[in-house]
Structures are given as C-alpha cells and as structure tokens.
Amino acid sequence: MSKLLIVGTVAFDAIQTPFGKTDKILGGAATYIGLSASNFNIPSAIVSVVGEDFPEEYLKMLKDKNIDTSAIEVVKGGKTFFWSGRYHNDLNSRDSLDTQLNVLADFNPVVPENYKDAEIVMLGNLHPLVQLSVLEQMTTKPKLVVLDTMNFWMEEPFMNDLKKIIAKVDVITINDEEARQLSGEYSLVKAARVIEEMGPKYIVIKKGEHGALLFHEDQIFFAPALPLEEVFDPTGAGDTFAGGFSGYLTKSQDISFENMKIAIIHGSNLASFCVEKFGTERMENLDKAEVQKRLQEFKELTQFEIELA
Ligand code: AMP
C-alpha cells in the first residue's frame, strides 16, 4: 500500500468567529491534514515539532487514528507554535492576530527511515525551508509532491525560500487571496498561469464556501463547496481539504488529472465537516457512514443532464 508523508505545524490556536471564541486549543496544518487523511486508512506519518507545553493526550489522539507521530519532535523547555486569528462576518476572510513560531523557528525536520520512500508527500503549511529539507531527505523520488502554504510566508524574509520550494512541487493548493498575492494577478485564471510558470503542473485554488478550482495546462475543473446550514469555524478547512486530496490520491494510487477531480471532491467533502465545530472537534469524531452520505449529497448537487444542440 502507498504511504503518505505529512509535514506541517502542530499547534495551539486561539480563534474568534462571529459565534464565539476559544482559548488555546489544538490546531496546526499537519494536525488537520493527518486527521482528514486518516479517513482513507492509509499508512501516514507527520513530521513536525512541538514544545514541552504540548499535552500528551493530543499526540495520543493522533496515534489512535493510526497516524505515526514518532517524527513529531518534542523540544524540552520549548513552546509550541501558536496562532491566533479572527474571522470576519462573512467567515470567508480572516486576520491573523498573532503568529508565534516558538520551537518552529529552529526546527530541523527528520524524515523517518521508513517514510523516505513515501509515494505521496504532503508539504503542509510551515516554514518553506522545513518543507525543502523534508523533500531533500527523500531517498526515492515521490510520485507526487503537494504543497500548501499561506500569505504569512509570501512576505519578507520568507518569500525567496517559498519560491524555491514552489519550483520543486507537482501540485500547489492555496486560497484565492493568496493566489492573487503570489501571482500579482486579479483573475484567478491568469494567476494560475503565472503560478504554473513558477513550477507546479497542477494548481488548486480554494475559494472557501465558493468551492475549489483545479488548473492543469489548458484544463480547468470546478468543485463547489457543500452548502451548509451551520458554519462555526473555518479554521483548518484548507488543511482538511489538502488532507482529503492527498489521502485519496495515496489510497487510489492514481495521480491522473481525472482522478485529481475526484480527490478534490473528497477534499471538499471532508472540509465541509471541519467547519461545523470549533477546532478539530468534528474531525476527531467523524464516522464513515456520514462521510459516505455527504459524498452522495455532493453527487446530487453537481449532477445534471443537459442536451446540447
Ligand atoms: P487553514 O484554516 O486551513 O488555513 O489552517 C489553519 C491552521 O494553520 C491553524 O490551525 C494554524 O495553527 C495554522 N497556521 C496559521 N498560521 C500558520 C503559519 N504561518 N504557518 C503554518 N501554520 C499556520
């Protein structure tokens, strides 16, 4: 069976939405990616770092989902990465109020021996040099490398390092605002073209409640987001999407454009659960039947017969 190697933050988040706020809760890009990908019952491992303040029970929860956490380094006396964000009323945009890199600032990732030949590598959001280092440690060229990043790394002093890793990946997943910032183009079609020139052959642009676009050469695929009655907290939706996308591709062992379309539906489907509760709560308690039921809803939402003249 194929393996999925995941890199990204494992973090404390403090979140404010129009519906309430949280104290420090479990968050981080790799946490959401891992939880999402675990729905495909594939071997997966997370490379990350936390401080001594990180509760053992969180690591246990990830282990219980069959995620290999042996490469999550615990730094003695160190403080875990902390992020705080506030969502606007539309829930589609947010401001980062605070980002404290803490132990992430001097992190040297070590890829476990048995994951140096992982077929799919999911480079989740964190320092671009950490993403680069992980890729350089692979002894067998991965079948597919997927990169997720955010605006924080598109500014000085990180931008040059970000460009280096973008040049080395097959797929990039970013949101619409970040695609515009990275490319300098307002039109997402033009933005995707500019980003393709930077390296990735596939560009996924996430548009929150407005779905996601996949670009590859002159082909475009669009998947809507499922219209939901209740959205409490969009935190981690992008990472959950990336986890569903890369998890499904690992499971199906098919990285064609046609199969990536299905991967996008799985990503969107899992992300629709993530936003229903604060933090990781919904993703920690998700059962197979509800995932399948919502996939069926997705199918009904998007399927139609039309006669062309
Ligand atoms: P998303 O909502 O999918 O964009 O991801 C939210 C998660 O990203 C939160 O759980 C944060 O801990 C994490 N995060 C926020 N800022 C950063 C950053 N600059 N680098 C890495 N992870 C971050």
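Above this text sits the structure in question.
Residues numbered from 1 in each chain as written. Predicted model: local features only at pLDDT ≥ 70, side-chain atom pairs only at ≥ 80, totals over all residues. Heavy atoms only, no water.

1. Points about helix 3 (residues 128-136)
To keep things clear, this is the line we draw: Exposure categories follow from relative accessible area, calculated using a 1.4 Å probe and restricted to protein chains: below 20% of the type maximum is buried, above 50% is exposed, and the middle band is partly exposed. Put simply, DSSP marks the helices as runs of H or I at least four residues long and the strands as runs of E at least two long, and each gets a number from the N terminus on. For this analysis, residues touch if any pair of their heavy atoms sits within 4.5 Å.
Here helix 3 has its buried residues at Pro128, Val130, Gln131, Leu132, Val134 and Leu135. In the core, the buried residues of helix 3 are packed alongside strand 1 (4-7), strand 5 (44-51), strand 10 (120-123), strand 11 (144-148) and helix 4 (159-166).

2. A few points about the site of the ligand
What counts here: A cutoff of 4 Å decides nearness: a residue is near a molecule or strand if any of its heavy atoms lies inside that distance of it. Basically, the charged four are Asp, Glu, Lys and Arg, the nonpolar ten are Ala, Val, Leu, Ile, Met, Phe, Trp, Tyr, Cys and Pro, and anything else, Gly included, counts as polar.
Of all residues adjacent to the ligand, which total 20 residues, the nearest are Asp13, Gly28, Arg94, Gly236 and Asp239. Only strand 2 (11-17) and helix 7 (237-252) provide two or more residues apiece to the shell around the ligand. Top contributing element to the shell around the ligand by residue count: helix 7, with three residues. Considered class by class, the residues forming the shell around the ligand number ten nonpolar, seven polar and three charged.

3. Brief notes about the pairing of strand 5
Which entries qualify depends on this criterion: Any two strands between which DSSP finds at least two bridges are classified as paired. Handedness of a crossover: with both strands directed away from the viewer, a clockwise path from the first strand across the helix to the second marks it as right-handed.
Across the eight residues of strand 5, eight count as buried, placing the element largely inside the fold. The alternating pattern of strand 5 places Ser44, Ile46, Ser48 and Val50 on one face and Ala45, Val47, Val49 and Gly51 on the opposite face, and all of these are buried. The pairing of strand 1 with strand 5 spans four bridges and is parallel. By the bridge assignment for strand 5, Leu5 is matched with Ala45. As paired elements, strand 5 and strand 6 (residues 67-68) share two bridges and run parallel to each other. The residue bridging Ser44 from the neighbouring strand is Ile67, located in strand 6. Taking the sense of rotation as the criterion, the β-α-β connection linking strand 5, helix 2 (residues 56-64) and strand 6 turns out right-handed. Where strand 5 and strand 7 (residues 72-75) come together, four bridges link them in parallel fashion. Within strand 7, the position partnered with Val49 by the bridge is Glu73.

4. Looking at the layout of surface pockets
Short version of the rule: Using only the protein atoms, space was sampled on a 1 Å grid; points where a 1.4 Å probe fits but cannot get out form cavities, open sets with protein on both sides within 12 Å along at least five of seven lines form pockets, and lining residues are those with an atom within 4 Å of a point. Grid points are joined across faces, edges and corners, and a volume is the space filled by probe spheres set on the points.
Considering only enclosed or pocket space, the second largest pocket measures out at about 290 Å³ in volume. Lining the second largest pocket are 13 residues, with Ile262, Ile265, Phe298, Lys299 and Thr302 positioned closest to its centre. With five residues, the single largest contributor to the lining of the second largest pocket is helix 10 (residues 288-302). In terms of residue class, the lining of the second largest pocket is made up of eight nonpolar, three polar and two charged.

5. Let's talk about the packing of aromatic side chains
For any pair of aromatic rings, geometry is given as the distance between the ring centres together with the angle between the planes. Threshold: Note on aromatic contacts: the rings of Phe and Tyr and the six-membered ring of Trp form a pair at centre separations within 6.5 Å, being stacked when their planes are under 30 degrees apart, edge-to-face when over 60 apart, and tilted otherwise. Ring-over charges, as used throughout, are those where CZ of Arg or NZ of Lys falls within 6 Å of the ring centre and within 35 degrees of the ring normal.
Taken as a whole, this structure holds eight aromatic pairs when the rule is applied. Taking the centre distance of 6.4 Å and the plane angle of 10 degrees together, the rings of Phe241 and Phe245 count as stacked. With Phe241 and Phe245 both in helix 7, this residue pair falls four residues apart, about one helical turn. Like Phe245, Phe241 is buried. Through a chain of ring-to-ring contacts, three or more aromatic side chains come together here, namely Phe12, Phe54 and Tyr58. Positioned above the aromatic ring of Phe82, the side-chain terminus of Lys24 is 5.6 Å from the ring centre. Positioned above the aromatic ring of Phe273, the side-chain terminus of Arg294 is 4.0 Å from the ring centre.

6. A short note on a nonpolar patch on the surface
Threshold: Every patch collects residues that have over 30% relative accessible area and no salt bridge, joining them within 9 Å if they carry like charges and within 5 Å if they are nonpolar side chains (Val, Leu, Ile, Met, Phe, Trp, Tyr). In this description, accessible areas are obtained by the Shrake-Rupley approach with a 1.4 Å probe, and a residue is regarded as covered only by the protein chains that are shown. In the sections that follow, a salt bridge refers to a side-chain nitrogen of Lys or Arg positioned within 4 Å of a carboxyl oxygen of Asp or Glu.
On the surface, Phe304, Ile306 and Leu308 cluster together to form a nonpolar patch covering roughly 420 Å² of accessible area. Along the polypeptide, Ile306 turns up in the segment after helix 10. For Ile306, a relative accessible area of 59% corresponds to the exposed category.

7. Digging into the pattern of salt bridges
For the structure on display, the rule yields twelve salt bridges. Of the charged contacts in the structure, one is a salt bridge between Asp64 and Lys60, with a shortest N-O distance of 2.9 Å. Here the residue Asp64 and the residue Lys60 both occupy positions in helix 2, the gap between them amounting to four residues, near one helical turn. Look at Lys60 and you get partly exposed, because its relative accessible area is 46%. For Asp148, the salt bridge goes to Lys206, with nearest N and O atoms at 2.8 Å. With Asp148 in strand 11 and Lys206 in strand 13 (residues 202-206), this pair connects stretches of sequence that are 58 residues apart. Take Asp148 and Lys206: they sit in the same class, and that class is buried. Connected through salt bridges with shared partners, the residues Glu276, Arg282, Glu290 and Arg294 form a single ionic network.

Function-wise, these values are silent; they only describe arrangement.
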